[in-house]
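Topology and contacts: notes
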Amino acid sequence: MFLNVFSSKKKFILILLSSLLLGIFIFLTNSKPTSSEKNGEITPTVFVHGFKGGPGTFNTMMNRLEQQNVGSKRMVAYVSRQGHVTLSGSLPPSMEPFIQVLFENDRASLKQQTIWLQEVFHRLKERHGIQQINLVGHSMGGLAATNFLLHYQKDQYPAVQKLAVIASPYKGINKEGYFEVHSGPAANDLKPDSEALNSMLRRKEFFPEGVDTLVIAGVINPAEEESEHWDGLVHASSVRSMKSIVPFGSYREEIVFGKSATHSGLHEHPEVDRLLGEFLWEKPNK
């Protein structure tokens, strides 16, 4: 008798589970497209800060762009010192979404930052259905974004439509005394003729075709000889060296002049807002 009761209960559980699975299958096959499926139609813009940067690097810029109805900050990709990636927020298939990448270790090497970006973008594609993105990087953030493209793997990451780099030192930083104060993996990579920078140039043939690229440099001393033009930290010639990497026809550069066009001031500069608005979203910001 005990066996019969046990057998009946077992049959009942199997029938219940079968019905539940059938119901889930019918629901999934007849439901509307998920947000991940819809996300394949949007193009988020990802902002990457530079050496010793953080939330403040792009927060105010994104706020200004949001006030001008260009887009809105929808997600933060936080990378811990151990490389663990946490994505917070959502990506509704509506207004141009902004994604801010934050490295807890803001002094990590260029190679390490590139690996972290690869993980962030892989998750955006696999978990959120993102098929294409724009990239904006300030200083070393621009180098990391570029290095990501130089190691790009089509099947694993969203396609990059446009890249904008601001004050990124592709030939390094040549400021007297700078490396007496700053040290560590990132600082070593930012030295002129570093292996990290030379490696990027050697891989230029791997830069993907069709990625429209905007390079923005600041010049606070326009009265000086052109070779001395700089933003107080990075020389314009170092920023413009990106031209040696980008394929012909995809490169565009802009120089922002004036006392406020400092290295850290560029991401707060209204002219930079305007240039990004026209380049990324074809919207002339006011």
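Residues numbered from 1 in each chain as written. Predicted model: local features only at pLDDT ≥ 70, side-chain atom pairs only at ≥ 80, totals over all residues. Heavy atoms only, no water.

1. Notes on the packing of helix α3 (residues 55-67) against helix α10 (residues 270-281)
At a closest axis distance of 11 Å, the pairing of α3 and α10 adopts a crossing angle of 65°. For the crossing formed where α3 meets α10, the hand is right-handed. Residues M61, R64 and L65 of α3 form the contact with α10, whose own contacting residues are V272, D273, L276 and W281. (Axes fitted to C-alpha atoms, helices over the stretch in contact; angles between N-to-C directions. Helix = DSSP H or I, 4+ residues; strand = E, 2+ residues; numbered from the N terminus. Left-handed = near helix turned anticlockwise from the far one by under 90°. Contact = heavy atoms within 4.5 Å.)

2. Some details on the nonpolar core
Ranked by internal contacts, the top residues of the largest apolar core, which has 55 residues, are F121, L135, L163, F207 and M242. With 7 residues, helix α5 (residues 140-150) is the largest single contributor of residues to this core. In this structure L163 touches L135, A145, T146, L149, F207, V211, D212, T213, L214, M242 and F279, once residues within four positions along its chain are discounted. I166, L266, F279 and L280 belong to the second-largest nonpolar core, a separate cluster that totals 22 residues. (Core = buried A, V, L, I, M, F, W, Y, C linked by side-chain atoms within 4.5 Å. Buried < 20%, exposed > 50% of the residue type's maximum accessible area, 1.4 Å probe, protein only.)

3. Some points on helix α4 (residues 110-128)
Here α4 is 19 residues long and its end C-alpha atoms lie 26 Å apart, about the 27 Å a rise of 1.5 Å per residue gives. Taken together, the buried positions of α4 are occupied by L110, Q113, T114, W116, L117, Q118, V120, F121, R123, L124, K125 and H128. Looking one or two places after α4, you find G129, whose phi comes out positive at around 70°. (Expected span 1.5 Å × (residues − 1).)

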